[in-house]
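# Descriptive analysis of the structure
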Amino acid sequence: MRKARHIDIASRLEVTKQFGLVEDYRIDWPSGPSLRPPRVTVRRREAYPVTLTRSYVTSLLDPFVPSRDIVVK
């Protein structure tokens, strides 16, 4: 299950990166066997406001990552 979530999260972020909304991202999974979601850090493009990037990424990852675990820099 964790591997499937990782693929879904990474593929969604990769497409967002290719379209130019984000520069880069990092997915930090909790260590050990855990059902906790990962922490996702996104580095936004300067051309887009933090609120726009955060809103988009939060809605994009909603099925997998709670908004409190998404950081936009």
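Structure shown above.
By convention here, each chain's residues receive numbers from 1 onward along its written sequence. pLDDT decides what is reported in this predicted model: residues at 70 or higher carry local features, side-chain atom pairs at 80 or more are listed and counted, and totals for whole chains, interfaces and linings draw on all residues regardless. Hydrogens are left out, water is left out, and the side-chain values use all remaining heavy atoms of the structure.

## Observations concerning the sheet that holds strand β3 (residues 70-72)
What makes two strands pair is DSSP finding at least two bridges between them. Segments assigned H or I by DSSP are reported as helices when at least four residues long, segments assigned E as strands when at least two residues long, and all are numbered from the N terminus. Spatially, β1-β2-β3 is the arrangement adopted by the three strands of the open sheet, whose pairing is mixed. Edge positions in the open sheet fall to β1 (22-28) and β3, since each of these has one partner strand only. Averaged over all pairs of adjacent strands, the angle between their axes in this sheet comes to 15°, without regard to strand direction. Pairing geometry for strand β2 (residues 39-44) and β3, over three bridges, is parallel. When the bridges of β3 are listed, V40 appears paired with I70. Any pair of residues with heavy atoms lying within 4.5 Å of one another is described as a contacting pair. Angles here are taken between N-to-C directions and fall from 0 to 180 degrees, while the axes themselves are lines fitted to C-alpha atoms, restricted in helices to the stretch in contact. Docked against the sheet, helix α2 (residues 50-61) engages β1, β2 and β3, running at close to 155° with respect to β3.

## Looking at the environment of R43
Considering the arrangement of structural elements, one finds R43 in strand β2. Note on classification: 1.4 Å probe, protein chains only; a residue is buried when its accessible area is under 20% of the maximum for its type, exposed when over 50%, partly exposed between these limits. Classification of R43 as partly exposed rests on a relative accessible area of 43%. A sequence separation of 27 residues divides R43 from T16, and the C-alpha atoms of the two residues are 11 Å apart.

## Brief notes about the nonpolar core
Take the buried residues of types Ala, Val, Leu, Ile, Met, Phe, Trp, Tyr and Cys, join any two whose side-chain atoms come within 4.5 Å, and each joined set is a nonpolar core. Among the nonpolar cores identified, the biggest contains 16 residues, and I9, L13, V40, V57, L61 and V65 are the most heavily contacted of them. Within the residue set of this core, elements represented by two or more residues are α1 (2-18), β1, β2, α2 and β3. Excluding residues within four positions of it along the chain, V65 makes contact with I9, P37, P38, V40 and I70.

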